[in-house]
Number of protein chains: 2
Amino acid sequence: MQINGSVGSQNADVNNQSIEARIRSVADDRDHGASELARLCLQIGAESALHCPASDTPSLIAVLMAQAAEMSAARPSMAPIHNLLVRWRHELEGLHGLDLATARRRAANAAAAVATASQDAVRLVGLRARALIEDGQCIITHSLSSTLLEVFSGLRDSGTRLIVSESRPLFEGRQLARQLSDWGLNTTLITDAQIGVFISESDMAMVGADSLLEDGSAVNKVGTYLLALAAHDRSVPFYVCCESFKQRQPDMPLFELEEMHSSELGVRGLPDVKVRNVYFDVTPPGLITGWVNETGVTSP
Amino acid sequence: MQINGSVGSQNADVNNQSIEARIRSVADDRDHGASELARLCLQIGAESALHCPASDTPSLIAVLMAQAAEMSAARPSMAPIHNLLVRWRHELEGLHGLDLATARRRAANAAAAVATASQDAVRLVGLRARALIEDGQCIITHSLSSTLLEVFSGLRDSGTRLIVSESRPLFEGRQLARQLSDWGLNTTLITDAQIGVFISESDMAMVGADSLLEDGSAVNKVGTYLLALAAHDRSVPFYVCCESFKQRQPDMPLFELEEMHSSELGVRGLPDVKVRNVYFDVTPPGLITGWVNETGVTSP
């Protein structure tokens, strides 16, 4: 999901009810990583700016502010949603005093501009991360990250080999393997449990992140911490690639690891057995060789 | 699968062809852990002793020796198969000079006796391991082990809580959870990737092993090494429970990690993507708090 510089007349029939439904769907979204979902939130915001019921500019701003706050609170593990929406809300505050039609247009354009800045940052991270990889190396990764897709898309014809863990329960790793296959990249697909075996074939581990905590810990799809432990144990460099929009700010709500419905594991209920489905884990900074963002690579 | 003290007249219609087929099926067996499979090999040996075509005692011994060697070589990651069959082959060498009928009976009884010794050792390991667990503690484990079933079967009414990882690709962890549910034990079932999250709720990690290497490394279902890394990182004690039959001997064939068919992962073929299904990993002794065998607990 990308939104470009202009968010305009398409979907002109979007009504407020469907905007509300889309806002609610952010909480359950499993199809997008944190950056993509943040940009999707901005797209929803832009469409709401153009079409939501509002009799004057102050009420438009109030509605958009409330919707942005709702989307922000829906995914507490994903800092970029909060960060990009905070930037947009800051722009919304500057619309007081404009007539309603102008305010609507400016609010939508501001959302698109923030999304573009996010997309540009992802592209830059891709460039910085690719500079770490030498031709013919073997990279191990976990889960699916739009930032890493940006990295890997530039590896065609480099002789790079990718090792991808399947990422239970919903197998985002298979999705990544399909994309790498389309790009003709030499790929090995493994179960998550095999990470400890295949780390020894890898020159480097590289992951995205949903958020970076203030101490440099990376919040990412569950299993990332195990990959980091194995990499550390075998002296394989472990890089976290994410744009600076993913840094948690001190004003963000209390951090929690999101849990999704246990039915995703596909296990029937059993007496005395509780099925758990925590989606994220935290990789501490001591296991991270470097953080790659749009400005460069930072090492501890 | 257990065989008891006497292996006798049941399956008297077993012919040599079905014995050969059963020997070949040892290579692909996914239903039994190393100890159970070793005892199943002894059961096959006992039935072959009673029924295989042989015109005299030397040719009986030669057939049984060759079958034992074939089963031993079929599962190089599983030391107990080798160790129990070596013990049985030693007994077979003592049969020279006996008449054929007596040799058949003695060979079958010797196989049953070795299997009983193995079963007794597993029971003792269960007692030793249970002595490490205090009422109300939380134990995290990975995969399914007949030795750990022996441990856990004695935990009813102790208030113990079990955390079980599902163990892809064939989900032996679900099988364990069903058994624990039948016993009324408070159980949490997680994906393998969540091991790093749930280690922090655990007082102790406890696993079985398919083999112990000479340096004390434990060969067990893939994912065990990741559990050990997480336990070490969070200072959670990590115990390996297995009878001394699982110790690899210097005369055993070169160690290799077995790989099973990639179709078990349930992924369709993709160009340039190789699906791997390595079944075991190696946990080094530095990550192991203690080895529990039938004689007690050894710490580094």
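As a starting point, this report considers the structure included with it. As the structure is a prediction and not an experimental result, all values here were calculated from the model.

1. Things to note about the pairing of strand β4 (residues 204–207) of chain A
Residues and elements named next belong to chain A. Every second residue of β4 is oriented toward a common face, with Met 204 and Met 206 on one face and Ala 205 and Val 207 on the other, all of them buried. Bridge analysis of strand β1 (residues 138–142) against β4 gives two bridges, and the strand direction is parallel. Opposite Ile 139, over in β4, you have Met 204 as the bridge partner. Where β4 meets strand β7 (residues 238–241), three bridges bridge the pair, whose relative direction is parallel. Among the inter-strand pairings, Ala 205 is bridged to a residue of β7, identified as Phe 238.

2. Some points on the pairing of strand β6 (residues 218–221) of chain A
Residues and elements named next belong to chain A. Relative to β6, strand β5 (residues 211–212) runs antiparallel, the two being bridged by two bridges. Each residue of the ladder has a partner; that of Ser 211, found in β6, is Val 219. Pairing of β6 with strand β9 (residues 280–283) involves four bridges; the strand directions are antiparallel. Directly across from Val 219, in β9, lies its bridge partner Val 282.

3. Some words on the environment of Glu 294 of chain B
Residue and element names in this part refer to chain B. Along the chain, Glu 294 falls in the loop between β10 (290–293) and β11 (296–298). Judged by relative accessible area, Glu 294 falls into the buried class, the value being 14%. Glu 294 has contacts with Ala 121, Leu 124, Val 125, Arg 128, Glu 243 and Ser 244, leaving out every residue within four places of it along the chain. A distance of 2.4 Å separates a polar atom in the side chain of Glu 294 from a polar atom in the side chain of Ser 244.

4. Some details on the nonpolar core
Among the nonpolar cores identified, the biggest contains 60 residues, and Leu 227, Phe 238 and Val 240 of chain A together with Leu 227, Phe 238 and Val 240 of chain B are the most heavily contacted of them. With near-sequence residues (within four places) excluded, Leu 227 of chain B lies in contact with Ile 140, Thr 141, His 142, Ile 195, Ile 199, Ala 205, Val 207 and Phe 238 of chain B.

5. Structural notes on the sheet that holds strand β7 (residues 238–241) of chain B
Ordered in space as β8(A)-β3(B)-β2(B)-β1(B)-β4(B)-β7(B)-β10(B)-β11(B), the eight strands form an open sheet in which the pairing is mixed. Bordering the open sheet on either side are β8 (273–275) of chain A together with β11 of chain B, each of which pairs with just one other strand. Strand-to-strand twist in this sheet, taken as the mean axis angle between neighbours without regard to direction, amounts to 25°.

6. A word on the relation of the copies chain B and chain A
Once chain B has been moved 0.0 Å along the axis and rotated by 180°, it coincides with chain A to within an RMSD of 0.0 Å. A rotation of that kind, with that shift, is consistent with a two-fold axis. The residues that chain B uses at the interface reappear at the interface of chain A in 100% of cases, marking a shared surface.

7. Considerations on the pattern of salt bridges
Inspection of every chain in the model, using the stated rule, returns 22 salt bridges over all chains. Among the salt bridges present, the one from Glu 243 of chain A reaches Lys 246 of chain A, with a minimum N-O distance of 3.9 Å. For the residue pair Glu 243 of chain A and Lys 246 of chain A, the accessibility class agrees, reading buried in each case. The partner of Asp 120 of chain B in a salt bridge is Arg 123 of chain B, and the shortest N-O contact between them spans 3.1 Å. Of this pair, Asp 120 of chain B and Arg 123 of chain B both sit in helix α5 (residues 100–130), separated by three residues, roughly a single helical turn. Asp 120 of chain B sits in the partly exposed class, given a relative accessible area of 37%. Overall, Arg 123 of chain B belongs to the partly exposed group, its relative accessible area being 38%. Connected through salt bridges with shared partners, the residues Glu 166 and Arg 174 of chain A together with Arg 168 of chain B form a single ionic network.

8. Examining the sheet that holds β4 of chain A
The sheet built from eight strands is open, its strands ordered β11(A)-β10(A)-β7(A)-β4(A)-β1(A)-β2(A)-β3(A)-β8(B) with mixed pairing. Each of the sheet's edge strands pairs with one partner strand only, and the pair in question is β11 (296–298) of chain A together with β8 (273–275) of chain B. On average, each strand axis in the sheet is tilted by 25° relative to the strand beside it, whichever way the strands run. Two strands pair when backbone bridges link them, and strand β3 (residues 186–190) of chain A and β8 of chain B are joined in this way by three bridges, in the parallel orientation. Bridge pairing links Thr 187 of chain A to Val 273 of chain B in β8 of chain B.

9. As for helix α6 (residues 146–153) of chain B
Helical geometry note: an α-helix holds 3.6 residues per turn, so side chains three or four residues apart project in the same direction. All names here are of chain B. Summarising burial for α6: six of the eight residues are buried, a large majority. For α6, the full list of buried residues reads Ser 146, Thr 147, Leu 148, Val 151, Phe 152 and Ser 153. Where α6 starts, the residue carrying a side-chain oxygen 3.1 Å from the main-chain nitrogen of Thr 147 turns out to be Ser 145.

10. Some points on the interface of chain B and chain A
The interface of chain B with chain A comprises 45 residues on the first partner and 46 residues on the second. For the chain B and chain A pair, buried surface summed over both sides reaches about 3700 Å², with 62% attributable to carbon and sulfur atoms. Between the two partners, chain B and chain A, sit two salt bridges. As a salt-bridge pair, Arg 168 of chain A and Glu 166 of chain B come within 2.7 Å of each other at their nearest N and O atoms. Our enumeration of links across chain B and chain A arrives at 24 residue pairs in polar contact (both at pLDDT 80 or more). Broken down by secondary-structure element, the contributors of at least two residues to the side of chain B that touches chain A are α7 (172–182), β3 (186–190), α8 (195–198), α9 (224–233), β8 and β9 (280–283) of chain B. In the side of chain B that touches chain A, the residues fall into 22 nonpolar, 11 polar and 12 charged.

Cut-off values and rules
Residues numbered from 1 in each chain as written. Chains lettered and ligands numbered in written order. Predicted model: local features only at pLDDT ≥ 70, side-chain atom pairs only at ≥ 80, totals over all residues. Heavy atoms only, no water. Buried < 20%, exposed > 50% of the residue type's maximum accessible area, 1.4 Å probe, protein only. Helix = DSSP H or I, 4+ residues; strand = E, 2+ residues; numbered from the N terminus. Pairing = 2+ DSSP bridges. Contact = heavy atoms within 4.5 Å. Polar contact = N/O pair within 3.5 Å; in protein donor to acceptor, adjacent residues only side chain to side chain. Core = buried A, V, L, I, M, F, W, Y, C linked by side-chain atoms within 4.5 Å. Axes fitted to C-alpha atoms, helices over the stretch in contact; angles between N-to-C directions. Least-squares fit on C-alpha atoms with pLDDT ≥ 70 in both. Salt bridge = Lys/Arg side-chain N within 4 Å of Asp/Glu carboxyl O. Buried area = accessible area lost by both parts, 1.4 Å probe. Nonpolar A, V, L, I, M, F, W, Y, C, P; charged D, E, K, R; others polar.

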